[in-house]
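Okay, here's what each chain looks like letter by letter:
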Amino acid sequence: MGANHVLSHARHRNDNPGSMTWLVQPSLVNEPFSDPGLFIDFRFGRRALLFDLGDLTPLSPRQLLRVTHAFVSHTHMDHFAGFDRLLRVCLHRTTALHLIGPAGFADRVEHKLRAYTLNLLDAESVDFVIVAAEFSGEGFNRVCEFRAREAFRRCEMPPIRLSPGLLLDEEEFRVQGAVLDHSIPCLAFAFEEKLRVNVWREGLRRLGLPVGPWLREARRAVRQGAPDHSQICVRDGLAISLGDLKQYALRTARGQKIAYVVDLAYDAQNIENVVALARDADQLFIEAPFLDVDANIAAERRHLTARQAGHIAKRARVARVIPLHFSARYRDREDDLTYEVEEAFRSTFPLTPTP
Ligand SMILES: [Zn+2]
């Protein structure tokens, strides 16, 4: 079918044609020599996720107000200094801000909040809620809530129980995490759309059905595996069976997968964890701070070289690799870094053995 052809072609080339209904659009917050961070914007629903909270200046208040969940790899400054800006923008928001980080994270969040004079917050304030959760690799070990009405006093909450490795599980997508070793625990993340359901407009036209909000219900029914005889209401007095819709106007495909991996040593355990997390991702955002000639410095600082990043991407069989977190020492050698990543990623030679 036409739609399927476009879809598999797009998946293969990993571009983003306008006819596709992507659930989210990821973009780097900064250029690769600045602080790492990924903004994952939802096409619908005025919502966004953030991976890391470094310098967030390029994001507008409108964009930051859409953030429901921020996943923080670790609390080195270049990954966490943007917390203040996010807080400043969201302070009078009515919806909660969920923060997920490694062991010890809730204390860091509390220290940040304690740094401010909060005497203007009281029981009459907009009750902006911050939830900070610590991820151990398996699940959440600790969850703390901070409410504006209580001047952000820490309140211990019972940890949320999800399947091992899961950080967030919603109807349309999930976020998985892994703990890596960067001499301290550092989290890596993978966003995964559960099932993509695209509408084929030509098919709708042939069925004589309009485009509209009812399609949201239809998509949901497909994702939930509803039986073909289920009736989908188009509008009052007009319904169609899910089976007919699927046959003529809906196309399903594996959802988009986006992985974000920064600040890790090139050791066997880290490589194994990243490869498992990022396997078959459409896009892998991965740090490439050093050139391979400086592999000893990279190892000392528990970071990757560009070549190592490329090898990991190749091993994880991702469709596309986007390097970031370049060391300032290569300011005028950006092409060398990206070339080294690509060369290792595209290499047909056997991979260098895992250390
Ligand atoms: Zn870093």
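Only a predicted model underlies this, so the values are computations on that prediction, with no experimental measurement involved. (Residues numbered from 1 in each chain as written. Predicted model: local features only at pLDDT ≥ 70, side-chain atom pairs only at ≥ 80, totals over all residues. Heavy atoms only, no water.)

Take the pattern of salt bridges next. Under the defined criterion, the tally for this structure stands at 31 salt bridges. Its salt-bridge partner being Asp 84, residue Lys 112 comes within 3.1 Å of it at the nearest N-O pair. Separated by 28 residues along the polypeptide, Lys 112 in helix 5 (residues 105–114) and Asp 84 in helix 4 (residues 83–90) bring together distant segments of the chain. The salt bridge partner of Asp 228 is Lys 246, with a shortest N-O separation of 2.8 Å. (Salt bridge = Lys/Arg side-chain N within 4 Å of Asp/Glu carboxyl O. Helix = DSSP H or I, 4+ residues; strand = E, 2+ residues; numbered from the N terminus.)

What follows is about the sheet that holds strand 16 (residues 257–261). Spatial strand order, 9-10-11-16-17-18: six strands in an open sheet with mixed pairing. With one partner strand each, in any of the chains shown, strand 9 (166–169) and strand 18 (321–324) form the two edges of the open sheet. Strand after strand, the sheet turns through a mean of 15° between neighbouring axes, direction not considered. In terms of strand pairing, strand 16 meets strand 17 (residues 283–287) through four bridges, oriented parallel. Bridge pairing in strand 17 places Val 261 opposite Ile 286. (Pairing = 2+ DSSP bridges. Axes fitted to C-alpha atoms, helices over the stretch in contact; angles between N-to-C directions.)

A few words on the coordination of the zinc ion. On the protein side, the zinc ion has Asp 78 (OD), His 79 (NE2), Asp 263 (OD) and His 325 (NE2) as donor atoms, found 2.1 to 2.6 Å from it. Considering all four donor atoms around the zinc ion, angles at the metal cover 82 to 158° and the coordination shape is irregular. (Donors = N, O, S within 2.8 Å, 3.2 Å for Na, K, Ca; no water. Tetrahedral: all angles 85-135°; square planar, octahedral: opposite > 155°, others 65-115°.)

With their axes 11 Å apart at the nearest point, helix 4 and helix 5 run at an angle of 65° to one another. For the pair helix 4 and helix 5, the sense of crossing is right-handed. Of helix 5, the residues touching helix 4 (which contributes Phe 83, Asp 84 and Leu 87) are Val 109, Lys 112 and Leu 113. Partitioning the contact of helix 4 with helix 5 into residue classes produces four nonpolar, no polar and two charged. (Left-handed = near helix turned anticlockwise from the far one by under 90°. Contact = heavy atoms within 4.5 Å. Nonpolar A, V, L, I, M, F, W, Y, C, P; charged D, E, K, R; others polar.)

A few words now on the side chain of Asp 294. Following the sequence through the fold, Asp 294 ends up in the loop between strand 17 and helix 10 (295–300). Notably, Asp 294 is buried but unbridged: the nearest opposite-charge side chain belongs to Arg 329, and the N-O separation is 4.6 Å. Look past the residues within four positions of Asp 294 in its chain and what remains in contact with it is Arg 329 and Tyr 330. (Buried < 20%, exposed > 50% of the residue type's maximum accessible area, 1.4 Å probe, protein only. Lys, Arg positive; Asp, Glu negative; His and termini not counted.)

Attention now goes to the side chain of Asp 263. In this structure, Asp 263 sits in the loop between strand 16 and helix 9 (268–278). Of the side chains with opposite charge, Arg 302 comes closest to the buried, unpaired Asp 263, at an N-O distance of 11 Å. Among the polar contacts made by the side chain of Asp 263, one reaches the side chain of His 74 at a distance of 3.2 Å. In this structure the side chain of Asp 263 is engaged in a polar contact, spanning 3.2 Å, whose partner is the side chain of His 182. (Polar contact = N/O pair within 3.5 Å; in protein donor to acceptor, adjacent residues only side chain to side chain.)

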